[in-house]
Amino acid sequence: PHIMEIDIFGGEPLLNPQLTMYCDFLRELFPDSIIFIVTNGIKLCSLHQSVLQCIKKNHIRLSITYYPVFDANIEQAMQLCQKMEIPFVILQKRVNFLNLYDFSGTQNAEEVFHLCKRRLSIIAMRENKLASCYTPFSFCYAEKVFQIGYKEDGIIDILSEELSPREIITRFMQPMDCCRFCHCDKTKWYQINSQKTIVNDWSK
């Protein structure tokens, strides 16, 4: 009952064929929590009616990230939510994005960790694993593609027999290897030809 908010992320969660199952399951487990689906909204108006009804039935809200590409669809999406009586928020239009990662790995992990605004306010979960932020779940792919020297840590297997609540809290209070790759510069939002995308476009 002390979990106030649960956010369903993707990729794009509206593309997940099992979304209704997740909505039913989460509401059953957490009857008093606020549940958001975090989406770019582009697929919202093409959702099957049964998916919209499931979202409504489970009192799930939509958190719509407003990118410039959404300009042509935003009014239609808002009208749909109002018609279906699905609560929603549309975040401020994104004209910048955070260039979060420095793949050189030279940031001070301790300093980054203790200055992190999300520390202790967000717990990320994927399958049966927990972490104190989302990054450990994605950096395995960065390591595989770019060989940046990342060593996976900070991920807790909740099925481990040795695990206790105290152990979880203790580990959440420690910097992770991914912290040395984090920083927060703002970069102007624009679309890029994916064939020309290289790691230096995102990590300068």
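What counts, and at which threshold
- Counting of residues starts from 1 at the beginning of each chain's written sequence and follows it residue by residue.
- Owing to the predicted nature of the model, reporting of local features is limited to residues with pLDDT of at least 70; listing and counting of side-chain atom pairs is limited to 80 or more, with chain, interface and lining totals taken over all residues.
- For the side-chain quantities, the full set of heavy atoms in the structure was used; hydrogens and water were omitted.
- Remark: nonpolar core denotes a set of buried residues (Ala, Val, Leu, Ile, Met, Phe, Trp, Tyr, Cys) joined through side-chain atoms within 4.5 Å.
- Each residue is assigned to one of three classes by its accessible area relative to the maximum for its type, calculated with a 1.4 Å probe on protein chains only: buried under 20%, partly exposed between the two thresholds, exposed over 50%.
- Counting from the N terminus, the helices are the DSSP runs of H or I reaching at least four residues and the strands are the DSSP runs of E reaching at least two.
- We call two residues in contact when some of their heavy atoms are within 4.5 Å.
- An axis is simply a line fitted to the C-alpha atoms; with a helix, the fit covers only the stretch in contact. Between two such axes, the angle follows the N-to-C directions and lies from 0 to 180 degrees.
- Just so you know how the angles are binned, under 35 degrees is roughly parallel, over 145 roughly antiparallel, 65 to 115 roughly perpendicular, and the rest oblique.
- Crossing handedness follows the turn of the near helix against the far one: under a right angle anticlockwise gives a left-handed crossing, and clockwise gives a right-handed one.
- Note on residue categories: nonpolar means Ala, Val, Leu, Ile, Met, Phe, Trp, Tyr, Cys or Pro, charged means Asp, Glu, Lys or Arg, and polar means any other residue, Gly included.
- Strand pairing requires that DSSP identify at least two bridges connecting the strands.

Let us look at the nonpolar core. Counting 25 residues, the largest nonpolar core has C23, I37, L44, L52, I55 and L62 as the members making the most contacts within it. Looking at this core, the elements that each hand over two or more residues are β1 (5–8), α1 (19–29), β2 (34–39), α2 (49–57), β3 (61–64) and α3 (74–84). Residue contributions to this core peak at 5 residues, all from α3. Discounting chain neighbours no more than four positions away, the residues touching C23 are I37, C54, I55, N58 and I60. F103, Y150, C179 and F181 belong to the second largest nonpolar core, which has 11 residues in total.

This next bit is on the packing of α1 against α2. Interaxial distance between α1 and α2 falls to 10 Å at its minimum, and their mutual angle equals 15°. By the angle class used here, α1 and α2 are roughly parallel. Judged by the sense of rotation from one axis to the other, the crossing of α1 with α2 is left-handed. Of the residues in α2, those in contact with L19, T20, C23 and D24 of α1 are S50, V51, C54, I55 and K57. Within the contact of α1 with α2, the residues separate by chemical class into 5 nonpolar, 2 polar and 2 charged.

Taken in spatial order, the 4 strands of this open sheet run β1-β2-β3-β4, and their pairing is parallel. Strand pairing shows two members of the sheet lacking a second neighbour, β1 and β4 (88–90), which therefore form its edges. Sheet twist, expressed as the average angle between the axes of neighbouring strands with direction ignored, equals 25°. Relative to β3, β2 is paired through 4 bridges, and the arrangement is parallel. In the strand pairing of β3, F36 is matched with R61. Across the sheet, α1 is in contact with β1 and β2; its angle to β2 comes to roughly 160°. Running over the sheet, α3 touches β3 and β4 and is turned about 160° from β4.

Here 3 strands make up an open sheet; going across it, the order is β6-β7-β8 and the pairing antiparallel. The open sheet has two free edges, formed respectively by β6 (124–126) and β8 (156–157), since each of these has just one partner strand.

The quantities given are spatial measurements derived from coordinates; they are silent on function.
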